[in-house]
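Examination of the molecular architecture
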Amino acid sequence: MSSTESEHPAQQAEALSAVAPQLRDLRRRAALTLETAARAAGLSPAHLSRLETGHRQPSLPMLLALARVYGTTVSELLGETAADRNAVVRAATMEPTRAGGWTYWQTGASGRAMQALRVHVPYGSQGDIVRVHPGEEWLHVLRGRLRLRLADTTELLGPGDSAHFDSLTPHRIAAQDADGVELLFVHTLLQSPTATLCLGPDPSENGVTS
């Protein structure tokens, strides 16, 4: 039996009431609207609003869904102390991963709502795949030229150029030149079940989790 199940009902109610402001803070920190977060968790906006104001207590399935959306755990939602995460990622530990012809290195800590990657995009790889998903993306070109399509606009980015956009905007990324392009890539909500990595085809086909 878990510690939560062995608690007195009054203690459970107190713990759940403390979740309300945490849910609101996590959503705002993830830069999600009430409607977007509710849709990702399979809830109505009105229901999520009541959870955030403490007018309704979340069930365990709701907590699990919201934890996945916000890239955290139920334990953290309930205010339990999370294990320390190493803030430093050493170059020697960055193992390359390949998906759909792209190569990327994880340059940030795991288990966060925001993930940082160094990415090499070869020429002619996955340039025709359009992505739409919750969250935000920031990218910075290190080497080569990047062709970025945002909705109906196409931008050509060179070394030193950056872009920051809402991931709900239809977008696609491709290398402009034969040598490919290398960039830094920061994304929110990679742990959300509705988010899709902008790295190759469906991550489930490549063993890449989202």
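Quantities reported herein were computed from a predicted structural model and do not represent experimental measurements.

Mapped onto the elements, E52 comes out in helix 4 (residues 45–52). When neighbours within four sequence positions are excluded, E52 is seen to be in contact with A20, P21, L23, R24, R27, L34 and Y70.

Here we come to helix 4. Within the span of helix 4, buried status applies to H47, L48, L51 and E52. The buried residues of helix 4 all sit within an arc of 140° when viewed along its axis, so they share a single face. G54 sits one or two positions beyond helix 4 and adopts a positive phi of about 80°.

This part covers the sheet that holds strand 8 (residues 171–175). Read from one edge of the open sheet, three strands run 6-5-8, paired in antiparallel fashion. Each edge of the sheet is formed by a strand with only one pairing partner; in this case those strands are strand 6 (153–157) and strand 8. Sheet twist, expressed as the average angle between the axes of neighbouring strands with direction ignored, equals 20°. Sheet topology note: the strand 5 (residues 146–150)/strand 8 ladder contains five bridges and is antiparallel. Each bridged residue has a counterpart across the sheet, and for L146 the counterpart in strand 8 is A175.

Attention now goes to the side chain of E137. Structurally, E137 can be placed in strand 4 (residues 136–143). Under the relative-accessibility criterion, E137 is labelled buried at 1%. At a separation of 3.3 Å, a polar atom in the side chain of E137 contacts the side chain of S167. A distance of 2.9 Å separates the side chain of E137 from the side chain of H171, its partner in a polar contact.

What follows concerns the nonpolar core. By size, the foremost hydrophobic cluster in this structure holds 21 residues, and its most contacted members are L23, L43, L48, L51, L66 and Y70. When residues of this core are traced back to their parent elements, those giving at least two are helix 2 (19–29), helix 3 (34–41), helix 4 and helix 5 (60–70). A per-element tally of this core places helix 5 first, with seven residues. Among residues more than four places away in sequence, those in contact with L23 are L51, E52, L66, Y70 and L77. Of all hydrophobic cores here, the second largest spans 17 residues; its members include F165, A175, V181 and F185.

A few words on the pairing of strand 3 (residues 114–121). Here strand 2 (residues 102–106) pairs with strand 3 via four bridges, running antiparallel. Among the inter-strand pairings, T103 is bridged to a residue of strand 3, identified as H120. Strand direction decides the pairing type here: strand 3 and strand 9 (residues 181–188), joined by eight bridges, are antiparallel. Across the sheet, the residue bridging to L117 is F185, located in strand 9.

Conventions and cut-offs
- Residues numbered from 1 in each chain as written.
- Predicted model: local features only at pLDDT ≥ 70, side-chain atom pairs only at ≥ 80, totals over all residues.
- Heavy atoms only, no water.
- Helix = DSSP H or I, 4+ residues; strand = E, 2+ residues; numbered from the N terminus.
- Contact = heavy atoms within 4.5 Å.
- Buried < 20%, exposed > 50% of the residue type's maximum accessible area, 1.4 Å probe, protein only.
- Arc of directions from axis to C-beta.
- Pairing = 2+ DSSP bridges.
- Axes fitted to C-alpha atoms, helices over the stretch in contact; angles between N-to-C directions.
- Polar contact = N/O pair within 3.5 Å; in protein donor to acceptor, adjacent residues only side chain to side chain.
- Core = buried A, V, L, I, M, F, W, Y, C linked by side-chain atoms within 4.5 Å.

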